[in-house]
Amino acid sequence: MNKCYCFFSRRYGSRIMESERSINRLILLIVILGLVYFCYCFYYATLRWQEDDWNSKPAKKIDHLYLTDPDVKAIHERMVAQDSRLSSEITIVTAYYNLGNLNKGKKLGLGGYTPEQYKNWMSVFGRIDNPLIVFTDSQDVIDIFTESRRHFEPERTKIVPLNRTSLWAFSLAPRIKEIFSLPGYPSHDPNTVNENYSCVMHAKFELVSKVIKENMFFTKYISWLDIGLYRAIVSEKHIFPIRLPPGFDQDKIAYSGQHKFDSTLSPYQIIEEDKTWVGGAMFLGRPEVVYVYTQDYMRSVEKLLSEKMMSTDQQVIYIMFQPSFPIQPRVDIQIYTTHSTDDWFYLGYTIKETWDFHLRKTASLLKFLHSLL
Ligand SMILES: *[C@@H]1O[C@H](CO)[C@@H](O)[C@H](O)[C@H]1NC(C)=O
Ligand SMILES: *[C@@H]1O[C@H](CO)[C@@H](O)[C@H](O)[C@H]1NC(C)=O
């Protein structure tokens, strides 16, 4: 009897100790998770604390260029003369040139962007309620855009068949290929490996410049948009407009900010370390300002080629804004960022978020009114 009681109490005691131990373990786990979460938040908080006074610089003015640059003058005169007739919307310019499969966007060495994926992303353009100009040399892309934009007024969509062989950007391919093949040249696939990828990035600037110079638009603002920018909302259904971002500076070009600007980098260092400052997927501004910007960009590309250096638009932009670069941009960039170092597409999404917010407000107001009935 005695023996039996003793046995029971020992077992009972060890069970208490075990449950105490597991509670302690749970507490420890919560403390560790809490610490990890705190470090995560603290890291992003420090990114925001770092002073970034880039946007506080006053914009460079381009008025003096009207005297010396006949193209800029002509564009400006058109903008002034047609001011009352031009819509205050934004004309979106995009393009698609099939480069085959790209070594980009891979996860654990698998995947990579395919032409099918780009076609899937294109569907979002059927929901963007802006005047749109699309350049391509693929009939299937013409068909996709024709179909997906059918519900808009026909004049809101201009699809321009344009062979890549007639573009300045693609004419650079042999020179870029030669540079990428130099012994010891940095190898970041596709940025400094696939010459066609580099070319198609430069084509953005050429095409936007063409749209402005050839009066292909009837709005007060113009924007470049990569096919893939709105990839995260492919499954949404509602139509939305792209409008000016909050606090937009009329004399600057709006971009998403990816990393803090470092003014001490050499062009080669930016290419070698594959550095980025802004995300190249979208830029936006007044036509005169954007035109000057595209001219400076294309001159910077030529300058870099002559020095046997090249990568994508994101590196060219970072390089041309370095104080030591011989071609100094005549207009400034306005950065939109949350300082999270993952803001590649932030400009586009903050514009859409502003619109969606207004949608949500309207929806709740409607619900409220409905509840009164
Ligand atoms: C583009 O032009 C090249 C040469 O000029 C030609 O070989 C090619 O078939 C053209 N492509 C398209 C899609 O028209
Ligand atoms: C670039 O395009 C040209 C012409 O279409 C092609 O011959 C070449 O193989 C392409 N280069 C790469 C790296 O895909």
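Since the model is a prediction, treat every value here as computed from it, not as a measurement.

A. Layout of the overall build of the protein. Scanning the protein from terminus to terminus reveals twelve helices and nine strands. For 373 residues, the compact-globule formula gives about 21 Å, and the C-alpha radius of gyration of the protein, at 27 Å, lies well above that figure. Counting all 373 residues of the protein, 34% fall into the buried class. Taking the contacts inside the protein whose residues are at least 6 apart along the sequence as the reference set, 78% of them involve residues at least 24 apart.

B. How the structure looks around the environment of Thr46. Inspection of the secondary structure puts Thr46 in helix 1 (residues 2–49). Residues Thr46 and Asn130, spaced 84 residues apart in sequence, show a C-alpha to C-alpha distance of 38 Å.

C. Molecular detail of the UniProt feature "transmembrane region" (unreviewed entry) in the protein. What UniProt calls "transmembrane region" (unreviewed entry) maps, in this numbering, to residues 26–45. Taken end to end, residues 26–45 is 100% helix and 0% strand, and its two terminal C-alpha atoms sit 28 Å from one another.

D. Spatial organisation of the packing of helix 10 (residues 287–306) against helix 11 (residues 313–320). Between helix 10 and helix 11, the least distance of the axes is 10 Å, while the angle of their chain directions is 95°. Comparing the axis directions of helix 10 and helix 11 gives the class roughly perpendicular. Mapping the contact onto sequence places Asp296, Tyr297, Ser300, Val301 and Leu304 in helix 10 and Val316, Ile319 and Met320 in helix 11. Looking at the contact of helix 10 with helix 11 residue by residue, the classes come out as six nonpolar, one polar and one charged.

E. Quick peek at the sheet that holds strand 7 (residues 252–257). Spatially, 5-4-1-6-8-7-9 is the arrangement adopted by the seven strands of the open sheet, whose pairing is mixed. The open sheet has two edge strands, strand 5 (157–161) and strand 9 (332–336), and neither has a second partner. For this sheet, the mean angle separating the axes of adjacent strands, direction not counted, is 25°. Strand direction decides the pairing type here: strand 6 (residues 219–225) and strand 8 (residues 278–285), joined by four bridges, are antiparallel. What sits directly across from Ser223, in strand 8, is Leu284.

F. Up close: the packing of helix 3 (residues 70–81) against helix 10. Axis separation between helix 3 and helix 10 bottoms out at 9 Å; the angle between their running directions is 165°. Comparing the axis directions of helix 3 and helix 10 gives the class roughly antiparallel. Crossing of helix 3 against helix 10: the hand is right-handed. Where helix 3 approaches helix 10, its residues Val72, Ile75, His76 and Met79 are matched on the opposing element by Pro287, Glu288, Tyr291 and Val292.

G. Main features of the pairing of strand 1 (residues 87–96). The buried count for strand 1 comes to eight of ten residues, which makes it a mostly enclosed element. By the bridge criterion, five bridges tie strand 1 to strand 4 (residues 132–136) in an arrangement that is parallel. Among the inter-strand pairings, Ile92 is bridged to a residue of strand 4, identified as Leu132.

H. Highlighting the environment of Thr114. Tracing the backbone shows Thr114 in the loop between strand 3 (110–113) and helix 4 (115–122). Sequence spacing of Thr114 and Gly100 is 14 residues, and the spatial spacing of their C-alpha atoms is 6.6 Å.

Definitions and limits used
Residues numbered from 1 in each chain as written. Chains lettered and ligands numbered in written order. Predicted model: local features only at pLDDT ≥ 70, side-chain atom pairs only at ≥ 80, totals over all residues. Helix = DSSP H or I, 4+ residues; strand = E, 2+ residues; numbered from the N terminus. Rg over C-alpha atoms; globule rule 2.2 N^0.38 Å. Buried ≥ 20, exposed ≤ 12 C-beta atoms within 10 Å, placed from the backbone. Contact = placed C-beta atoms within 7 Å. UniProt positions renumbered as here; feature names shortened; annotations may be inferred. Axes fitted to C-alpha atoms, helices over the stretch in contact; angles between N-to-C directions. Parallel < 35°, antiparallel > 145°, perpendicular 65-115°, else oblique. Nonpolar A, V, L, I, M, F, W, Y, C, P; charged D, E, K, R; others polar. Pairing = 2+ DSSP bridges. Left-handed = near helix turned anticlockwise from the far one by under 90°.

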